[in-house]
Amino acid sequence: MRISGDKIAKYVFLAIACSAIASLLLIALFILLEGLPFILRYGPWKFLSTSDWRPHEGAFGIAPMIISSLWITAGAMLIGAPLGVAGAVFLSEFVPKSVMCIIKPTIELLAGIPSVVYGFIGVMVLAPLIRTNLGGPGLSLLAAAVILGIMVLPTIISISVDAIGAVPNAFREGALALGATRWQAVRMVVLKAARSGIIASIILAMGRAVGETMAVIMVAGNTIRTPHSALEPVRTLTANIAIEMSAATGMHRQALFATGVVLFVVIMILNSLAMAAMRRKGGR
Amino acid sequence: MRVPPKYTQMAAITLLGGATLLTLAVLVFIIAFVLEKGLPGVTWTFLSAEPQDMGRAGGIFPIIVGTLLLPLLALVIALPLGVGSAVYLCEYTRETRLTRVIRFGTDCLAGIPSIIFGLFGLVFFVGILHLGWSLLSGGLTLAIMILPTIIRTSEEALRAVPYAYREVSCSMGATRWETVRRVVLPNALPGIVTGVMLGLGRCISETAAVIFTAGTVAAMPTSAFDSVRTMAVHFYLLAREGISNEKAYGTAAVLILAVLLVNLAAYWMMHAFIRRRAR
Amino acid sequence: MSVCRLTSIAVLLAGMLMYGCGKRAESVTLAGSTAFAPFAEKLGSLYMAQTPGVRVAVQGGGSTVGIQAAQQGTAQIGMADLVKLPPEAEGLTAVVVARDGIAVILNPANPVANLTMDQIRGIFCGTLRNWKEVGGKDGAITLVSREAGSGTRASFEQIVGQVKLSAGALVQDSNGSIRETVASDPLAIGYLSHGLVNAKIKAVTVNDQPCTTEAVMADKYALVRPIYLLTKGSLQGAAQSFVAFILSEKGQAQIRQDGLIPAK
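Summarised in this report is the structure supplied together with it. Not measured: the values here are computed from a predicted model.

Take the nonpolar core next. Counting 191 residues, the largest nonpolar core has Phe47(A) and Trp53(A) as its most contacted members. One finds Ala127(A), Val160(C), Ile178(C) and Ala215(C) within the second-largest nonpolar core, a separate group that totals 40 residues.

Have a look at this one:
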């Protein structure tokens, strides 16, 4: 009786373990079923490379949105990654433990603040600042990149702090004993050892930035045009789906699901590139 | 000409400290901004009354209820699935092709943006399964969304339980299932709670997927088939439609306090748990 | 132990949630036009106050969602605010419950007070790019439009005629966000449901006609679209009496008070 009960438990757990895969396949299946026929009919190259998006006239080119998504993500990483990693290093290596105990939960609390709040602050505070000081309509690529850069800070900091904390103390002591300064020990030993965790935090943050929707809709301006400067308003792939989905039918709806397919692929490419990079560097 | 290490260290610390201060200043500014504008509007009436005039007046009681129910439902669905998956991966199998596929799938699922979950929920739960915009559609969608988080954190927690515990339990004649239930899971609980809190936080702050699947009706739900509105969605609608900035900030302040409370509760629970086990 | 207890509590809770659906109040679901949804919500709460035991749920989503929802039965009543109903609405019963003016709005700091229909067309097509071309101060025009698929945008473009929206236009997905964007940018122009005009922005006169309830009732203001409630087959029970309530004197008076224009 006992043994067969254990067998049953095993198969129940196996079935449960397949739930994630099943959901992934289900999601991929549905998005592909709705989007892929459209891409094939319209022509993949035409869909990806033309820049005219006029759903009611049968023009569906998403090149400007792909470019905007990439720019915004790059901008957000340019702001978020150095600040976040610097913050994590400083907090875990140069700040007393007691201070750290207060600061880390505060930062984790910030990860729980809805993106719409960040977006709203972007609209109320950042966009007017950009409009009056730098020109343009304020709602812009720059505003979106800054807001996303701030939004990903808690993710980068809290995961990087964990990674740095996991480096054995003996590593630091060894370096210090060899006559290194604190900073040399951090730069040459601790950061090297914690590298894969820090890279992982940046990848996670990047995923969040590419996929963020509501905050971007609020601050990016949603203009369908390839940007020539950071002050121009732009529309991302996610914004395109969220803005037009509710009112779309027929071809238009399929084209939005096709946008979802492209977003899916972009994210998979980013993730696997990052994973590969992490394996190569982490393995050494 | 080499700069002495002492000076590079000073320069590095100044730079890092500056970056940290900037980061903290921005983050503190955001919290202070919201609380300063929102807290004056948070009164007992605001918390306990129904919204009136599209949210321009009255309170947010049904919205608080919605914010409690929706993540709760998502957790009820995702927790057994997530912990179960982790138990299978850690306790019942070695590294095989199947586990690699499962891990790869989990990672992929974790990378999918919430808007895609929203699209899927809209087509599958709202449309094909005819659940409509409802608590149930929203809960199921969010459950899938937080599943990878819970699997990953639970797996980490299970792996952190020393192998000797399992050996001792098995050597005393316990079956694998008994070992998992009596020894491994209780010891992994703090880690699992962390995952639950992370998932809860993601549910509470999600907007796009919730609007697509749970709808936006700001009334008290009477069943799982009624639409609900969460605080994040309420804030979005109020601020976005320019209905009332005052009530929007009030909602955001309550939301931040709620997230704070959830975090505190998690810490407290974990510490209480660790103390009890230490005895 | 506690894991088991947690699980059983969870299952119990889920069961209670499911059980709730056995004894729910009679409900009327409306979905569609974001422009009319807030008014429908208000009418709904008035109706619920006088008819206990009925639950009116209003869902936004846009006119197209309204048509789909009514066709598929996701909602008993679809809301659409289009000048011309699209072919997808075939087979649905359409009732005009109100009319709505579309106001062309500017930032209050902008001295321009009147625009002709041709100027509006030029601005939104992107051929007029500077405010001084239409009698204002020197400054590039910031165009703000609704998203493709919006009923307000479709109606606006149909009435103005031959609008091919300039590629540089900002796109906002609701009346409110159009208003907020125009309110914060001194060089912006947008359009929205006239019931939502407030002190933060100003509505220009179009061909010298102000966007007021009176001008619309007298058929002088050109930018007007009807608001339809769409239903599949004949209505019964609460849904029917809710529509009747909206069309009643009390409902129409409320519509007028809120800034929409009564059906007739």
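Moving on, there is more to tell.
Take the packing of aromatic side chains next. In the structure shown here, the tally under the stated rule is 24 aromatic pairs over all chains. Residues Phe120(B) and Phe124(B) carry aromatic rings whose centres are separated by 5.3 Å and whose planes lie at 15° to one another, so their mutual orientation is stacked. Of this pair, Phe120(B) and Phe124(B) both sit in helix 5 (residues 114-128), four residues apart, roughly one helical turn. Like Phe124(B), Phe120(B) is buried. Here a set of aromatic residues connected by ring pairs shows up, and it is made of Phe38(A), Tyr42(A), Phe47(A), Trp53(A) and Phe60(A). Over the face of the ring belonging to Tyr42(A) we find Lys46(A), whose NZ or CZ atom lies 4.4 Å from the ring centre.

Residues and elements named next belong to chain B. A cluster of nonpolar residues, Leu 39, Leu 257, Leu 260 and Leu 264, forms a patch on the protein surface that exposes about 330 Å² of accessible area. Tracing the sequence through the fold places Leu 39 in the loop between helix 1 (5-38) and helix 2 (44-48). The exposure class of Leu 39 is partly exposed, given its relative accessible area of 39%.

Once that is clear, we can look at helix 8 (residues 182-193) of chain A. Taking 1.5 Å per residue, 12 residues should reach 16 Å; helix 8 of chain A reaches 15 Å between its end C-alpha atoms and fits that length. Three or more residues of helix 8 of chain A are buried, namely Trp183(A), Gln184(A), Ala185(A), Val186(A) and Val190(A). Taken together, the buried residues of helix 8 of chain A touch helix 3 (63-93), helix 6 (141-165) and helix 7 (169-177) of chain A together with helix 1 of chain B.

On to the interface of chain A and chain B, then. The figure often quoted for interface size is the accessible area lost as the parts come together. Chain A puts 67 residues into the contact, and the matching count from chain B is 74 residues. Interface area, chain A with chain B, both sides summed: about 6,400 Å², of which 83% is carbon and sulfur. Counting across the interface, chain A meets chain B through zero salt bridges. At the surface where chain A touches chain B, the tally comes to four residue pairs in polar contact (both at pLDDT 80 or more). The dominant element in the side of chain A that touches chain B, judged by the number of residues it contributes, is helix 1 (residues 2-42) of chain A, at 18 residues. Of the residues that constitute the side of chain A that touches chain B, the class distribution is 48 nonpolar, 12 polar and seven charged.

Right, let's talk about the pairing of strand 4 (residues 92-106) of chain C for a bit. Residue and element names in this part refer to chain C. Among the 15 residues of strand 4, 11 are classified as buried, and the element is accordingly described as predominantly covered. One ladder, built from nine bridges, connects strand 4 with strand 11 (residues 224-232); its direction is antiparallel. Looking across to strand 11, one finds that Gly 101 is bridged to Val 224. Here strand 4 runs beside strand 8 (residues 188-193); their pairing, made up of five bridges, is antiparallel.

All names here are of chain C. Burial runs high along strand 11: eight of the nine residues are buried. Of the strand pairs in this sheet, strand 3 (residues 77-80) and strand 11 are connected by three bridges, and their pairing is antiparallel. Each residue of the ladder has a partner; that of Ala 80, found in strand 11, is Tyr 228.

Definitions and limits used
- Residue indices follow the written sequence of each chain, beginning from 1 at its first position.
- Throughout, the order in which chains and ligands are written sets their labels, letters from A for the former and numbers from 1 for the latter.
- Two thresholds apply to this predicted model, a pLDDT of at least 70 for residue-level local features and 80 or more for giving and counting side-chain atom pairs, whereas whole-chain, interface and lining totals are computed over all residues.
- To get the side-chain values, all heavy atoms of the structure are used, and hydrogens and water are removed first.
- Side-chain atoms within 4.5 Å are what join buried Ala, Val, Leu, Ile, Met, Phe, Trp, Tyr and Cys residues into a set we call a nonpolar core.
- Relative accessibility thresholds used throughout: buried, under 20% of the residue-type maximum; exposed, over 50%; partly exposed, between the two (1.4 Å probe, protein chains only).
- We call Phe, Tyr and Trp rings a pair once their centres come within 6.5 Å, taking the six-membered ring for Trp, and we label the pair stacked below 30 degrees between planes, edge-to-face above 60, and tilted otherwise.
- Helix and strand definitions follow DSSP, with helices as H or I runs of at least four residues and strands as E runs of at least two, each counted in order from the N terminus.
- Whether a charge lies above a ring is judged from NZ of Lys or CZ of Arg, which has to be within 6 Å of the ring centre and within 35 degrees of the ring normal.
- Each patch is built from residues lacking any salt bridge and having more than 30% relative accessible area; the joining distance is 9 Å for like charges and 5 Å for nonpolar side chains (Val, Leu, Ile, Met, Phe, Trp, Tyr).
- With residues, only the protein chains shown are counted as cover, and all accessible areas are computed by Shrake-Rupley using a 1.4 Å probe.
- Salt bridges are defined as contacts in which a side-chain nitrogen from Lys or Arg sits within 4 Å of a carboxyl oxygen from Asp or Glu.
- Each residue after the first adds 1.5 Å to the expected span of a helix.
- Contacts were defined at the residue level, with two residues in contact if any of their heavy atoms lie within 4.5 Å.
- Buried area counts how much accessible surface, traced with a 1.4 Å probe, disappears from two parts once they are put together, with both parts' losses summed.
- Pairing of N or O atoms within 3.5 Å defines a polar contact, subject to two protein rules: one partner must be a possible hydrogen donor and the other a possible acceptor, and residues neighboring in sequence count only if both atoms are side-chain atoms.
- For this classification, Asp, Glu, Lys and Arg are treated as charged, while Ala, Val, Leu, Ile, Met, Phe, Trp, Tyr, Cys and Pro are nonpolar and the rest, including Gly, are polar.
- Criterion used throughout: strands pair if DSSP finds at least two bridges between them.

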